[in-house]
Amino acid sequence: METDSSLLTSEMEQLKQEELYHQLLMQTMGEVQHPKPDSRVIRPEPGMCVKTSSILDEQKVFVNICQSPAVPPPPHISNEELLELLQSDDPTAYRVPMSLGEPHTELDNNSQGCTAYDVVINNEFFQKCQKDPLFLQFVIAVSFEGLENKYSVELSREWKVMKNRKFLGSISEQNIRTQSKPSIQELSPSDSHTAPTEAKRPEFCLIVEPPIGDPEYLIAEIQLPGVTSSRSLLLDLGEDRLVLTARPSLFHLDCYFPLNIDPETSAAQYNKDTQILTVTMTVVPS
């Protein structure tokens, strides 16, 4: 049986193109192949117990805010910056890494049934919250929002910290990821530019690779004129969502994707010459 040499040549060219694309992609992702997310089991330490209630049934709810060095701390932010952020249009731009435990049934001091949740934050950040009322209020608000989003509950914003109780019930072990979300790497320096005074939606484009067949990568190229350093960028990736904020009040982008992505195997780079942020995201097979 004769072999069609043109078909073999076409197949070899396709393989070469795929290999070349893979090499270029690795350069875009900082020439680092990210492994699958790992996890570890931790036993958090007691911290403080916050009493509130569920709005739907008005039942008592206790939130045990625990601490552990295994949870990474949030980026440094001053009181002035936090206050300015809380008064802005997007106070959720400042992310606090935390682990949210499953709800568990407990008994309160009156032997009445109630629901308790365990929230784990970094131990050093916990100490900061203990000393600063502004950070304390902020971390409680963030914990409530996290529990509401994860467990579809609605919690009252009337709460109080229990004085003589660091936790309610028994604190269980939690399984946390050891990898954080992708950080932004800078490529090369450039001259400074004047920043706009109001946040606006940046121009961006989405590229699907490969363009034909099942998508493997989704690449976002976001233009950020006036941003001189990646330190002013806050990037958050979800399974189908990208949220980017350039501080102070330069740009804000919140977009959803038609594809599911894996945030843990994604990467981001900021080129200070072109002032373009490239986010390379791994598509989860459907």
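Please refer to the structure higher up on the page.
### Some details on the packing of helix α2 (residues 79-86) against helix α4 (residues 133-151)
Move 1: Between α2 and α4, the shortest axis-to-axis distance is 10 Å and the interhelical angle comes to 40°. Taken together, the axis directions place α2 and α4 in an arrangement best described as oblique. For the pair α2 and α4, the sense of crossing is left-handed. For the pair α2 and α4, the contacting residues are N79, L82, L83 and L86 in the first and L134, F135 and F138 in the second.
Move 2: Looking at side-chain class alone, the contact of α2 with α4 contains six nonpolar, one polar and no charged residues.

### Looking at the side chain of T265
Move 1: Inspection of the secondary structure puts T265 in strand β15 (residues 261-271).
Move 2: With a relative accessible area of 7%, T265 lands in the buried category.

### Quick look at the packing of helix α3 (residues 123-131) against α4
Move 1: Direction vectors running N to C along α3 and α4 enclose 120°, while the axes themselves pass 5 Å from each other. It follows from the interaxial angle that α3 and α4 lie oblique. In the crossing of α3 with α4, the sense of the turn from one axis to the other is left-handed. Facing α3, whose interface residues are F125, K128, C129 and K131, α4 presents P133, F135, L136 and V139.
Move 2: Of the residues that constitute the contact of α3 with α4, the class distribution is six nonpolar, no polar and two charged.

### Section: α3
Move 1: By the burial criterion, the buried members of α3 are F125, F126 and C129. Summarising the axial view, the buried residues of α3 lie within an arc of 105°, below the 170-degree limit, and thus occupy one face. What points out from α3, more than 90 degrees from its buried face, is the exposed set E124 and K131.
Move 2: The inward-facing, buried residues of α3 contact β2 (45-53), β3 (60-68), β6 (113-122) and α4.

The rules behind each value
Residues numbered from 1 in each chain as written. Predicted model: local features only at pLDDT ≥ 70, side-chain atom pairs only at ≥ 80, totals over all residues. Heavy atoms only, no water. Axes fitted to C-alpha atoms, helices over the stretch in contact; angles between N-to-C directions. Helix = DSSP H or I, 4+ residues; strand = E, 2+ residues; numbered from the N terminus. Parallel < 35°, antiparallel > 145°, perpendicular 65-115°, else oblique. Left-handed = near helix turned anticlockwise from the far one by under 90°. Contact = heavy atoms within 4.5 Å. Nonpolar A, V, L, I, M, F, W, Y, C, P; charged D, E, K, R; others polar. Buried < 20%, exposed > 50% of the residue type's maximum accessible area, 1.4 Å probe, protein only. Arc of directions from axis to C-beta.

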